[in-house]
Amino acid sequence: RASSTAITRGTRLTTPSTATEGLEQVPVLQRYDVGRGDFTVTVQVSLTYFEGYPHQAGLFFGLSRSQYVILGLEDIGTWRLIHSSRQSVSGPVDSTNAELRVAKHGQAFTFAVRALPEGGWETLTTWYLSEPIQFIGLFEQVFAQSGGVEGVVADFDAFHLETDDIPPGPPPADPTPDV
């Protein structure tokens, strides 16, 4: 299996001064080298609670045709799993510092979470998705009903992508340049 670690310690997303209505407008730090095969991606995220300004952060998967899936941690000790055309599901997690994991095997996507520092992995659910993954990203969102606020942050302390698909390299040199 090819393996790639993109982030180790210290990546911080800070929300803009205005909240967003939907996830379509949320800024996302994106990776496009996921490949087409199976993968497992794990991210460690820590949120700071701001009274009156609920927010979430986590993994964002861009699918085809403006579809997306997110697995996020909310600052109130809740995980939330959202597909742009399905009903979302959520549940409790004992911390606002957690690891989120998504494992893709064929069309099966298994979502898991564990509270840090010492929690065990809890498998949340498995969804079957036929849409190809266009990118994986990190996101943070302040919920629109709370208005905007400066300084709401999400710290991503680790991001690990393991895939059995070698990402495509640069294209071969043009044998007959146009110049």
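Refer to the structure printed above.
Undergrad: Just give me the short version of the overall build of the protein chain, but keep the residues and values in it.
TA: Check the secondary structure of the protein chain and you find 0 helices and 12 strands. Counting from the amino terminus, helix and strand elements in the protein chain follow one another as β-β-β-β-β-β-β-β-β-β-β-β. Burial status across the protein chain gives 46% buried among its 179 residues. In the protein chain, 66% of the contacts between residues at least 6 apart in sequence involve partners at least 24 apart. Roughly 9,200 Å² of accessible area belongs to the protein chain as shown, and the carbon and sulfur atoms make up 50% of that amount.

Undergrad: Can you explain the pairing of strand β12 (residues 153-163)? Please cite residues and give values.
TA: With respect to burial, β12 is a largely interior element, 8 of its 11 residues being buried. Two elements, strand β3 (residues 39-47) and β12, share 9 bridges in a ladder whose sense is antiparallel. Each bridged residue has a counterpart across the sheet, and for Leu 47 the counterpart in β12 is Ala 154.

Undergrad: Quick rundown of the packing of aromatic side chains? Include the residues and the values.
TA: Counted under the stated rule, the structure contains 7 aromatic pairs. Here the aromatic cluster, defined as three or more aromatic residues joined through ring pairs, consists of Tyr 32, Phe 60, Tyr 68, Phe 135 and Phe 139. Directly above the aromatic system of Trp 127 lies the positively charged group of Arg 86, at a separation of 5.0 Å from the ring centroid. Arg 101 extends its terminal NZ or CZ atom over the ring of Trp 121, reaching a point 4.0 Å from the ring centre.

Undergrad: Go over the pattern of salt bridges with me, naming the residues and quoting the values.
TA: It is possible for side chains of opposite charge to pair when their charged atoms get near one another. All chains considered together, the criterion is met by 2 salt bridges. In this structure, Glu 74 and Arg 80 form a salt bridge, with 2.5 Å as the shortest nitrogen-oxygen distance. Glu 74 sits in the buried class, given a relative accessible area of 4%. For Arg 80, a relative accessible area of 22% gives the class partly exposed. The partner of Glu 99 in a salt bridge is Arg 114, with the nearest N and O atoms 2.5 Å apart. Here Glu 99, found in strand β8 (residues 97-105), pairs with Arg 114, found in strand β9 (residues 108-115); they are 15 residues apart in sequence, far enough to count as distant. For Glu 99, a relative accessible area of 12% corresponds to the buried category. Using a relative accessible area of 26% as the deciding quantity, one classes Arg 114 as partly exposed.

Calculation notes
Residue numbers run consecutively from 1 along every chain, following the written order of its sequence. Under the rules for a predicted model, residues below a pLDDT of 70 receive no local features and side-chain atom pairs below 80 are neither given nor counted, while totals for whole chains, interfaces and linings still include all residues. Excluding hydrogens and water, the side-chain values take into account all heavy atoms of the structure. Numbered from the N terminus, helices here are DSSP runs of H or I no shorter than four residues, and strands are runs of E no shorter than two. For every residue, the accessible area obtained with a 1.4 Å probe (protein chains only) is divided by the maximum for its type, and the residue is called buried under 20%, exposed over 50%, and partly exposed between those limits. Only heavy atoms matter for contacts: two residues are in contact if any of them lie within 4.5 Å across the pair. Only the protein chains shown count as cover for residues, and the accessible areas themselves come from Shrake-Rupley with a 1.4 Å probe. Note: two strands are recorded as paired if DSSP finds a minimum of 2 bridges between them. Within 6.5 Å between ring centres, the rings of Phe, Tyr and Trp (the latter by its six-membered ring) count as paired, and their orientation is classed by plane angle as stacked under 30 degrees, edge-to-face over 60, tilted in between. For a ring to carry a charge above it, either NZ of a lysine or CZ of an arginine must fall within 6 Å of the ring centroid while also lying within 35 degrees of the normal to the ring plane. Each reported salt bridge corresponds to a side-chain nitrogen of Lys or Arg within 4 Å of a carboxyl oxygen of Asp or Glu.

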